[in-house]
Amino acid sequence: MDFLHEINRLRREKNAVIMAHYYQTSDIQDVADYVGDSLALAQWAAKTEADIIVLCGVHFMGETAKILSPEKKVLIPDAAAGCSLADSCPADEFASFVHQHPDYQVISYVNTTAAVKALTDVVVTSTNARKIVDSFPHDANLIFGPDRNLGNYINSITGRSMLLWNGACHVHEQFSLEKILKLKEIYPEAELLAHPECKQPILMVADFIGSTSALLNHTAVSSGKEFIVATESGIIHKMRLQCPDKTFIPAPPNDSTCACNECNFMRLNTIEKLYLCLRDEQPEIKIDESIRIQAVKPIKRMLELS
C-alpha cells in the first residue's frame, strides 16, 4: 500500500491536520502539516480549524491539543507513546507535594499529564521557561516540576531557588560526557549544542544551550560548520534540511551499542500507524471535562505570556 497517498487522501476527506514533533522519524516529519516543538504544537492546536488533529508525538502532547480544542477529535498514532518525564510525576504524588507547600505557586513543564497541569498555576516549555519564571517576583515561592535538570538550569541563570520535583527525561539523562568529550577531540571545531533537560555536566561544557527550536535556529545563524547535538536525534533531520552544507553529529548515550540517542516512545509512531490512525480515527485522546477545565487555565496563561 502507498501509505503516503492514502494519508493525503484521508486528511483531505476528513479535514484532518497532522502535527509532528521534531523528535519523530524523518518520514513522519516530511508528511506532517506542522513540525515543531511543544510550544509550537500547542499554539497550532489552539488555532487550527481542522475537525481532526493527529498529533505525532507522545501522549501528553495529544492531551495538550485536546485541552485546547475540546470540540475537535484528537488522535495519536500509538496509544503506548508515553513519556518517561511525564511518568516520573504521578498526579496523586504531585498533588500531595503541592499541598505540603501551600504558600508556593506551581510551574509545570509541558511534559506532564493533564491531571498534573490541572494542579498548576502556569505551564512552561523549554523555549519560554526562563521568560515565564522571570515574570514572577524574585522573592516568590515557586515549585517547578517535573524536570529537575531544566529546573536546576533555570535556577542557575535566574538566581532563584525554586523547589524542584525530582523527575527527568530518560533520553537527556543518558548522554555520556566522556563520549562527548572524545567527539570534541575528533571534531575540535564543532559546537556542542545541548538541551536544558541534559544533566549539569553536559550543560557546563556546552557551547549553546536551548530548546529544540532554539538549537535548530542556532545552527542556521551560527558561522560554525560542525555541531555535536545533545538532544533527541530526530531534530537532526530538520537541521540537515535547513543547512545541507553543515555537519551534524548526534551526541552518544552511555549505552556503548548506540551512536545516537533516540526516544523509544517517540519512535513507536510509524507511517503505517499514522495511516491506520487516520483511517480508523483511533486511538483517540479523551480527557475528563473537570480536569480539562482546570488544565486549560495554566496553558492559556503560558500562551498569553509567550
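The structure we're discussing is the one just above.
Scope of this entry: the structure provided in the associated data block.

Rules of the game
Residues numbered from 1 in each chain as written. Predicted model: local features only at pLDDT ≥ 70, side-chain atom pairs only at ≥ 80, totals over all residues. Heavy atoms only, no water. 1 Å grid on protein atoms, 1.4 Å probe; cavity = no way out; pocket = protein on both sides within 12 Å on 5 of 7 lines; lining within 4 Å. Points joined across faces, edges and corners; volume = space filled by probe spheres on them. Helix = DSSP H or I, 4+ residues; strand = E, 2+ residues; numbered from the N terminus. Nonpolar A, V, L, I, M, F, W, Y, C, P; charged D, E, K, R; others polar. Polar contact = N/O pair within 3.5 Å; in protein donor to acceptor, adjacent residues only side chain to side chain. Contact = heavy atoms within 4.5 Å. Patch = residues over 30% accessible without salt bridge, like charges linked within 9 Å, V, L, I, M, F, W, Y side chains within 5 Å. Areas by Shrake-Rupley, 256 points an atom, 1.4 Å probe, with all protein chains shown as cover. Salt bridge = Lys/Arg side-chain N within 4 Å of Asp/Glu carboxyl O. Buried < 20%, exposed > 50% of the residue type's maximum accessible area, 1.4 Å probe, protein only. Core = buried A, V, L, I, M, F, W, Y, C linked by side-chain atoms within 4.5 Å.

So, the layout of surface pockets
- In this structure, the largest pocket spans a volume of roughly 160 Å³.
- Together, 15 residues line the largest pocket, and Ser126, Thr127, Tyr153, Gly210 and Ser211 are the ones closest to its centre.
- Residue assignment for the lining of the largest pocket shows that the elements contributing at least two residues are α8 (129-134), α9 (148-158) and β10 (208-209).
- Classifying every residue of the lining of the largest pocket gives eight nonpolar, five polar and two charged.

Brief notes about the side chain of His237
- You can see His237 is positioned in helix α14 (residues 235-242).
- Within the structure, His237 has its side chain in polar contact with the side chain of Asp30 (distance 2.9 Å).
- Among residues more than four places away in sequence, those in contact with His237 are Ser26, Gln29 and Asp30.

Points about a nonpolar patch on the surface
- Together, Leu181, Met204 and Val205 give the surface a local cluster of nonpolar side chains, amounting to about 280 Å² of exposed area.
- Position of Leu181 among the secondary structure elements: in helix α11 (residues 177-186).
- Residue classification places Leu181 among the partly exposed positions, given a relative accessible area of 40%.

Regarding the nonpolar core
- Counting 92 residues, the largest nonpolar core has Ile7, Ile18, Val54, Ile107, Ala230, Met239 and Leu274 as its most contacted members.
- Residues within four places of Leu274 in sequence aside, it is in contact with Ile7, Ile18, Val31, Val54, Cys56 and Pro77.
- The next biggest cluster of nonpolar side chains, apart from the first, holds eight residues, and it includes Cys89, Phe97, Val98 and Ile143.

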